[in-house]
Amino acid sequence: MKEKINQPTGGFMFIFLLIVIVAILGIFTAFDAQNGFATWKTLIDNPVMIAFAVIILLCILLIPSGFLIINPNDAAVFTFFGSYQGTAKDNGLFWINPFMSVKH
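All values reported here derive from a predicted model rather than from experimental measurement. (Residues numbered from 1 in each chain as written. Predicted model: local features only at pLDDT ≥ 70, side-chain atom pairs only at ≥ 80, totals over all residues. Heavy atoms only, no water.)

Asker: I'm lost on the overall build of the protein chain in this one. Help?
Answerer: Looking only at helices and strands, the protein chain has 3 helices and 6 strands in total. Each of the 104 residues in the protein chain was classed as buried or not, and the buried ones make up 19%. Long-range pairs, those at least 24 residues apart, make up 67% of the contacts in the protein chain between residues at least 6 apart in sequence. Split by element, the accessible area of the protein chain, about 7,400 Å² in all, is 71% carbon and sulfur. (Helix = DSSP H or I, 4+ residues; strand = E, 2+ residues; numbered from the N terminus. Buried < 20%, exposed > 50% of the residue type's maximum accessible area, 1.4 Å probe, protein only. Contact = heavy atoms within 4.5 Å. Areas by Shrake-Rupley, 256 points an atom, 1.4 Å probe, with all protein chains shown as cover.)

Asker: Please clarify how the nonpolar core should be interpreted in this entry.
Answerer: One broad trend across soluble globular proteins is that nonpolar side chains are buried collectively. One finds Leu68, Ile70, Ala76, Phe78, Ala88, Phe94, Ile96 and Met100 forming the largest nonpolar core, which totals 8 residues. Those elements that place two or more of their residues in this core are β2 (67-70) and β3 (76-80). The contact partners of Ile96, leaving out residues within four places of it in the chain, are Pro8, Gly66, Leu68, Phe78 and Val102. One finds Phe14, Ile21, Ile56 and Trp95 within the second-largest nonpolar core, a separate group that totals 6 residues. (Core = buried A, V, L, I, M, F, W, Y, C linked by side-chain atoms within 4.5 Å.)

Asker: So what exactly am I meant to see when it comes to the sheet that holds strand β6 (residues 100-103) here?
Answerer: The strands that make up a sheet pair up through hydrogen bonds in the backbone, lying either parallel or antiparallel. One open sheet holds the 3 strands; their spatial order is β4-β3-β6, and the pairing between them is antiparallel. One side of each edge strand has no neighbouring strand; the edge strands of this open sheet are β4 (83-88) and β6. With strand direction ignored, the average angle separating the axes of adjacent strands in the sheet is 25 degrees. (Pairing = 2+ DSSP bridges. Axes fitted to C-alpha atoms, helices over the stretch in contact; angles between N-to-C directions.)

Asker: Teacher, can you tell me more about the packing of aromatic side chains here?
Answerer: A ring pair, where both rings are aromatic, is described by two values, the distance of the centres and the angle of the planes. Per the counting criterion, the structure on display carries 2 aromatic pairs. The interplanar angle of 15 degrees and the centroid separation of 4.2 Å between the aromatic rings of Phe14 and Trp95 together place this pair among those described as stacked. A residue pair is termed long-range when its members are at least 10 positions apart, and Phe14 in helix α1 (residues 11-34) and Trp95 in strand β5 (residues 92-95) qualify at 81 residues. Each member of the pair, Phe14 as well as Trp95, is classed as buried. When the ring of Phe80 is compared with that of Phe81, the centres are 4.7 Å apart and the planes differ by 70 degrees; the resulting orientation is edge-to-face. A relative accessible area of 29% means that Phe80 is categorised as partly exposed. Under the relative-accessibility criterion, Phe81 is labelled exposed at 68%. (Phe/Tyr/Trp six-rings, centres within 6.5 Å; stacked < 30°, edge-to-face > 60°.)

Bear in mind that shape data such as this cannot, by itself, settle questions of function.
Written out as structure tokens, the structure reads:
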């Protein structure tokens with residue numbers, strides 16, 4: 001099998017994205033607090049709020065699990081459900097698919 005060089009996505013962009021998501025969540029919470037906190041009944045009756053809550057929850061759970069640090073003079077091999085996807089040789093903070101396995 002021939003080695004495939006894989007360049008994962010930079011991790012700082014996803015740190016920024018996570019901060020933006022948490023800020024948006026805070027803004028919606030503050031907006032909701034001005035009108036009185038939502039009860040379970042109002043949340044369940046509004047499908048937009050349910051979709052928003054599910055998307056935010058998935059982002060908060062999946063984004064941090066994809067961070068990867070590759071140290072200098074080190075490499076990482078990526079496999080996706082057992083299938084070889086490539087090798088990263090650059091050092092730094094990266095973000096990869098959270099379902100991908102990494103071997104250093």
